[in-house]
Amino acid sequence: MAVDELQAIIQRCQILEEADFKGEDFNLFQVAGQKCLEDGYAAQLLEVIQNEKNKVIIKNMGWNLISPLVRCIFMYKLEDEKREHCLKILDQLAQLCNPKELFLGLLEQIEQTSGEQVCQTVMLLLQPLQTVLLKLQNKKAYSVGLSLAMIMNQLTALPVPYTKQQIQEDKLGLCQCCNAVVDFAKPFVNEVVKNMEKSSEYNDMELKEELLKFCMKSLKYPLLTAQLEQLEGIEEHPFRRFATEIIGILWDIRELIPLVFLHRKGKSPHWENQEFADVEQKNSADSLACLSYLMFVQHFGIDYFPVVFSPSYLLQCNMTHIEVLLKRTEESMLSKGLDLFESCLLRMEDNSLLHQYLEFRDFIDVPQDLVKVMTLCPIEHLRKKSLNILQLFIGKFDAEGKYTLFRCLLKTSNHAGVEGYIIKNIKDQIHLSLTKACDNIWFTGHHLISLLDLVLLLPEGAETDLLQNSDRIMASLNLLRYLVIKDCESDNQTGVWTTLAKIEQNFLKPLHVGLNMSKAHYEAEIKNKKENRREAHSSNTVCSLTVSGEKMPAMTTDMQLQVLHSALFTFDLIESVLARVEELIEVKIKAVMDEN
């Protein structure tokens, strides 16, 4: 019988001194104890462990029971009495065993768990692990750091619940587990706080650094991925509570303000391998970006916030974080980047951001990243939001800043729709300059002429793909039409009349040639398709189309003809606006000649 075997081993070891225990004794104790648990004799094993006479044996050998004990706890149902006995055994082992040996045994169990049992195992072992760590005298900070790192590494493999339903269900127990880990860390936070209060020159930085690492990891996972908006029907949002606790720890260990405002990265280890160094830097950047989002968008820790910084300085501080988030493709991170950017911009007054800020690399890179979101992101509401934020960003700059930004985006966007949008903005700024009493030198005169050189031209002359560039071309024609109508040749505030010959040479004439070529090509294609359809005696002939290596849905001849006619309609539209612009120019020139 398993209990008898265990008793025999116990009696044999009771007469031995602690130093005389052999490897064979450890093995026999582990086998007998495991058999007791597996055969359902947990109550009898508990009695053996609680017996004062066995204290030395349990201190040295008890940690060997951790693995079978955890297996049995998960095997029994919650209400099973045997499970209660197993939990009491676990508690007793935490009190009686050698802390160093038990610490390693508990960590080994956490490391070996996987899948659906990760959170269950972590939550089961957190209390005994905390008890053991509090007993450790040597290498306590290292052991706390190792424990937190091991736990977070195991949790990182789990998907973060994102929707309201997923958060409420919490199938894998991640929401509950994250908050349990924070409670686990609190005694060590209190120890650091107590020591800092005792001495203003707190020298034992090891434990503080380990807690800082834990907070940085928590910011990257799960908080960077988590949905942190208030959700109707959820009284206490688990990730919002977790975020509050992490911000609280950073404040308590006096690291919150340095991280947010002084861009302190923490003590990064020196890596000989550059690849490891890059990973460390990226993880730190992600964590700091999430921290800024929590502070400036969700207002966690806002009570600690020193209200002495200007909105433009806060924007400058956050541009690095915004750039990090906008380069990601995951919805949760992209949306955080857009929210952070919008929040910083809304604090500012229009036209208040000085053009000198564009000398910072981030102020040029971020709008380019925003353009990529606008044009490449598959999520519609994020594309629309990024467009609104780009307009907001433009509106915050002074006139020279807007001018510089327009030039930059025209050169870098490589997207006709974005270029058309920027050209429309240029038109709006010219309108303000012409209608306001104060003279704006950046959108009139020689500065404007320099900008029009980028706008009123075809990228590849007459051979430009007019269909692909139609948004840009229409916006350019509308701008030119506005300038001709609004600015008289006698005033020539915009300088458009001075540079008219150049505009005709670089834009209007090549556009005429391009339109003729494009229309002829598409008309020939339509004629060809119609002839082929007649020969096939069917309109159901299909055409296969491959884009980026992926086969697109087949197009019938009728569908192809519809696309070709749509292209012709676009060319007709461009041609009609072009004719109107040339007519206006001719009328204005004739009027001046008549006056003369």
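Note that the coordinates shown come from a computational prediction; the quantities given were computed from them, not determined experimentally. (Residues numbered from 1 in each chain as written. Predicted model: local features only at pLDDT ≥ 70, side-chain atom pairs only at ≥ 80, totals over all residues. Heavy atoms only, no water.)

1. Focus: the environment of T557
Thought 1: The topology assignment puts T557 in helix α25 (residues 557-595).
Thought 2: The exposure class of T557 is buried, given its relative accessible area of 7%.
Thought 3: Residues T557 and K529, spaced 28 residues apart in sequence, show a C-alpha to C-alpha distance of 6.9 Å. (Helix = DSSP H or I, 4+ residues; strand = E, 2+ residues; numbered from the N terminus. Buried < 20%, exposed > 50% of the residue type's maximum accessible area, 1.4 Å probe, protein only.)

2. Focus: the pattern of salt bridges
Thought 1: In this structure the tally under the stated criterion is 27 salt bridges.
Thought 2: Ionic pairing is found between D286 and K220, a salt bridge with its closest N-O pair at 2.7 Å. Placement of the pair is D286 in helix α15 (residues 274-296) and K220 in helix α12 (residues 206-223), with a sequence separation of 66 residues.
Thought 3: The class for D286 is buried, based on a relative accessible area of 3%.
Thought 4: Its relative accessible area of 24% is what places K220 among the partly exposed residues.
Thought 5: When the shortest N-O distance is used, the salt bridge between E575 and K519 registers 2.8 Å. With E575 in helix α25 and K519 in helix α24 (residues 500-536), this residue pair connects regions lying 56 residues apart in the sequence. (Salt bridge = Lys/Arg side-chain N within 4 Å of Asp/Glu carboxyl O.)

3. Regarding the packing of aromatic side chains
Thought 1: This model, assessed by the stated rule, comprises 14 aromatic pairs.
Thought 2: A centroid spacing of 5.7 Å and a plane angle of 85° characterise the contact between F296 and F305, whose relative ring orientation is edge-to-face.
Thought 3: The class of F296 is buried, set by a relative accessible area of 3%.
Thought 4: Pairing Y403 with F443 gives two aromatic rings, centres 6.0 Å apart and planes at 75°, and the pair type is edge-to-face. Of this pair, Y403 sits in helix α20 (residues 399-412) while F443 sits in the loop between α21 (416-435) and α22 (445-455); the two residues are 40 residues apart in sequence, bridging distant segments of the chain.
Thought 5: Relative accessible area serves as the criterion here: at 6%, Y403 is assigned to the buried category.
Thought 6: Owing to a relative accessible area of 0%, F443 belongs among the buried residues under this scheme.
Thought 7: Cluster of aromatic residues (ring-pair linked, three or more members): F341, Y357, F360, F363, F393 and F397.
Thought 8: Here the basic side chain of K336 rests over the ring of Y293, its NZ or CZ set 5.5 Å away from the ring centre.
Thought 9: Of note, K427 hangs over the ring of Y482, and the distance from its end group to the ring centre comes to 5.4 Å. (Phe/Tyr/Trp six-rings, centres within 6.5 Å; stacked < 30°, edge-to-face > 60°. Lys NZ or Arg CZ within 6 Å of the ring centre and 35° of its normal.)

4. Focus on the packing of α20 against α21
Thought 1: One can describe the packing of α20 onto α21 by two numbers: an axis separation of 10 Å at closest approach and a directional angle of 160°. Compared by their axis directions, α20 and α21 come out roughly antiparallel. Relative to α21, α20 is oriented so that their crossing is left-handed. Counted together, K402, F406, L409 and L410 of α20 and E419, I422, I423, N425, I426 and Q429 of α21 form the full contact between these two elements.
Thought 2: Across the contact of α20 with α21, the residue classes tally to 6 nonpolar, 2 polar and 2 charged. (Axes fitted to C-alpha atoms, helices over the stretch in contact; angles between N-to-C directions. Parallel < 35°, antiparallel > 145°, perpendicular 65-115°, else oblique. Left-handed = near helix turned anticlockwise from the far one by under 90°. Contact = heavy atoms within 4.5 Å. Nonpolar A, V, L, I, M, F, W, Y, C, P; charged D, E, K, R; others polar.)

5. Looking at the side chain of N425
Thought 1: Mapping N425 onto the fold places it in helix α21.
Thought 2: We classify N425 as buried; its relative accessible area is 4%.
Thought 3: In this structure, N425 is in contact with Q391, I394 and F406, ignoring residues within four places of it in sequence.

6. Comments concerning helix α6 (residues 81-96)
Thought 1: For α6, built from 16 residues, the straight-helix expectation of 22 Å at 1.5 Å per residue is met to within 8% by its first-to-last C-alpha distance of 23 Å.
Thought 2: Within α6 the residues assigned to the buried category are R83, H85, C86, I89, L90, L93 and A94.
Thought 3: For α6, the N-terminal capping position is held by D80, with its side-chain oxygen 2.9 Å away from the main-chain nitrogen of K82. (Expected span 1.5 Å × (residues − 1). Polar contact = N/O pair within 3.5 Å; in protein donor to acceptor, adjacent residues only side chain to side chain.)

7. Digging into helix α13 (residues 238-252)
Thought 1: End to end, α13 covers 21 Å across 15 residues, agreeing with the expected 21 Å (1.5 Å per residue, within 8%).
Thought 2: Taken together, the buried positions of α13 are occupied by P238, F239, R240, F242, A243, E245, I246, I247, G248, I249 and L250.
Thought 3: Remark: R254 follows α13 within two positions and exhibits a positive phi of approximately 65°.

8. Quick word on the state of the cysteines
Thought 1: Summed over all chains, the structure comprises 0 disulfides.
Thought 2: The structure places no disulfide on C86, whose sulfur is separated from the nearest cysteine sulfur, that of C72, by 5.3 Å.
Thought 3: With no disulfide of its own, C119 has C177 as its nearest cysteine by sulfur position, at a separation of 4.2 Å.
Thought 4: By relative accessible area, which is 1% here, C119 ends up buried. (Disulfide = S-S within 2.5 Å.)

9. A word on unusual backbone geometry
Thought 1: Cis geometry marks the peptide bond from Y221 to P222; its omega dihedral reads 10°.
Thought 2: In this structure, N414 takes a positive phi of about 50° despite not being glycine.
Thought 3: The residue N492 is not glycine, and still its phi comes out positive at about 50°.
Thought 4: Inspection of the secondary structure assignment puts N492 in the loop between α23 (470-486) and α24.

10. Considerations on the packing of helix α19 (residues 380-396) against α21
The description of two helices packed together rests on the angle between their axes and the distance between the axes.
Thought 1: Running from N to C, α19 and α21 point in directions that differ by 35°, and their axes come no closer than 12 Å. In the crossing of α19 with α21, the sense of the turn from one axis to the other is right-handed. Residue-level inspection shows L387, Q391 and I394 of α19 in contact with α21, the latter providing Y421, I422 and N425.
Thought 2: Here the residues of the contact of α19 with α21 sort into 4 nonpolar, 2 polar and no charged.

11. Things to note about the confidence of the model for the protein
Thought 1: Predicted confidence across the protein gives a mean pLDDT of 87, with 89% of residues reaching 70 or more.
Thought 2: Predicted confidence is poor over residues 264-269, with pLDDT under 50, and the contacts of this stretch with residues over four places away or in other chains come to 13 contacts. (pLDDT = per-residue confidence, 0-100.)

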